[in-house]
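Spelled out from the first residue to the last, the chains are:
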Amino acid sequence: MTCTQTTELSDARRLIELNQSCFCMTLSRADLDAGIVASVGVDGLDKLLSDRSNLFAATGVFVSLADIANMQSQVAAIEAAAALEPFQVAVHGRAIDAVTLAQPETNGLFMGYDFHISEQGPQLIEINTNAGGGFLAAALQDAAGRAAFKCSEAELQNEGVAAGMMVGTFLSEWHAAGRTGRPGVIAIVDQDPEDQYLYPDMLMAQHHLQQAGIETLIVDPAELTYLNEALWAGSSRVDMVYNRLTDFDLSEPGNTALRQALMEDAAIVSPGPRHHAVYADKRNLIWLSDADLLRSWGLAEEHILALESVPITKRVSAENAEELWTARKGYFFKPAAGFGSRATYRGDKLTKRVWSEILEGNYIAQAFVPATLRAVTVENEQLTLKYDVRLYTYAGETLLVAARVYQGQTTNFRTSGGGFSVVYQF
């Protein structure tokens, strides 16, 4: 099967088959890296990319325009549900920390909605705040558009569009918080940023923001201080923080200055604790997969219909422990505040020891949805890996459609031939 046959592959089954059987497209990692470095021009970026051998996949992923529209409908429905008063009451009734109420008008930078594609359509796996890799994925998409491989039936976003939109979201967030003009200084904050696997993404974000005329720093939270009702990074007063920390409530001692700046509205912090509580806490999937509950809360029927494909999700508790253990092969178990697939388990892999840890933790059980498969050629060997599709959004609007190719239980950047993947839209 070749790329030119896609005009005959209009339904979900055929497109799934195309991803599983088409070895026709192998993207040169060297060409992709060179294209990204040439377009971004960040010192040392070439070495950082080459040191991360599994950052970009060796192939692209085919996604139908109908499936993309379906995913966007689900995002719109989630945004509508999250705006409902009963939903907000439930979220904040669950929280005991006032930090989840701070800066209520902001929308949250770099929301990530992750889907598996099935014959029944896209199925939401999870929602992430501070979904890293957006600038890398946008640069990859641009580089692939300039690469030798061409597929006349497919569509790629226009070069530079996604990165430009992402920069625009910083200004939109600034204004959503009630500020005027533009932020003077933005700080990209993460723990030991230079040691992070996605540090190149931070450098690219910094590059694009500075190209837009905004001074941008990359700092560890320990470099921040709160003094005279202002947040400081050294001698620079920070107006806005692009928060990449996984301390979602900013409760760790090293994040005290950042938390205080947020609580006193001295700097815009996005994504912040409220965004995680409203969107990314995995217990929210329990509500989003319960049509009767959503209907009782007043969600419009069109949105309830859009969320029908969200996998049924349950809270793991002592009351349903026996039921869930018996049916464990049909579930995926995740910590409510987890991230990056840490401490997540497929039910058919569970041991009694791990199960006892799950019962003691704060876990949800999500109906298992197998990942879709993608054929790929790596060093002349034909492999079949898995992939998921991510929508990067701001305020419900899609900034970029990306994919991640991997092998194993969950997404990772350890798979030969895997990593962020170009998305070709049909």
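Just so you know, these numbers come straight off a predicted model, no measurement behind them. (Residues numbered from 1 in each chain as written. Predicted model: local features only at pLDDT ≥ 70, side-chain atom pairs only at ≥ 80, totals over all residues. Heavy atoms only, no water.)

Examining the environment of I117
Put simply, the test is: Counting from the N terminus, the helices are DSSP H or I runs at least four residues long and the strands are E runs at least two residues long. Between buried and exposed lies partly exposed: a residue is buried under 20% and exposed over 50% of the maximum accessible area for its type, with that area taken using a 1.4 Å probe on protein chains only.
Considering the arrangement of structural elements, one finds I117 in strand β2 (residues 111-118). Residue I117 is classed as buried on the basis of its relative accessible area of 7%. Once the C-alpha coordinates of I117 and M71 are considered, the two residues, 46 residues apart in sequence, prove to be 9.8 Å apart.

Quick word on the packing of aromatic side chains
Selection rule: Stacked, edge-to-face and tilted are the three classes for Phe, Tyr and Trp ring pairs, Trp counted by its six-membered ring, which pair at centre distances within 6.5 Å; planes under 30 degrees apart are stacked, over 60 edge-to-face, the rest tilted. Remark: a charge is flagged as sitting over a ring if the NZ atom of Lys or the CZ atom of Arg is within 6 Å of the ring centre and within 35 degrees of the ring normal.
Throughout the structure, instances matching the rule amount to 15 aromatic pairs. Between F110 and F135, the ring centres sit 5.7 Å apart and the planes meet at 50 degrees, which makes this aromatic pair tilted. Here F135 lies in helix α6 (residues 134-146) and F110 lies in the loop between α5 (85-94) and β2, a separation of 25 residues in the sequence. One exposure class covers both F110 and F135, and it is buried. Ring centres of F170 and Y242 lie 5.5 Å apart, and the angle between their planes is 80 degrees; this geometry places the pair in the edge-to-face category. Placement of F170 in helix α7 (residues 161-176) and of Y242 in strand β9 (residues 240-243) is noted, with a sequence separation of 72 residues between them. For the pair F170 and Y242, a shared accessibility class is recorded, and that class is buried. Grouped by ring-pair contacts, the aromatic residues F110, F135, F170 and Y242 constitute a single cluster. The cationic tip of R52 hangs over the ring face of Y197; the distance from NZ or CZ to the ring centre is 5.6 Å. Taking the ring centre of W174 as reference, the NZ or CZ of R179 above it sits at 5.9 Å.

Here we look at the confidence of the model for the protein
Detailed reading of the predicted model is not advised wherever pLDDT is low. Just so we agree on the cut-off: The quantity known as pLDDT measures the predictor's confidence residue by residue, on a range of 0 to 100. Any two residues whose heavy atoms approach within 4.5 Å at even a single point are treated as in contact.
Chain-level statistics for the protein give a pLDDT mean of 90 and a share of 92% at 70 or above. When the criterion is pLDDT under 50, residues 4-10 qualifies, and its contacts beyond four places in sequence or with other chains add up to nine contacts.

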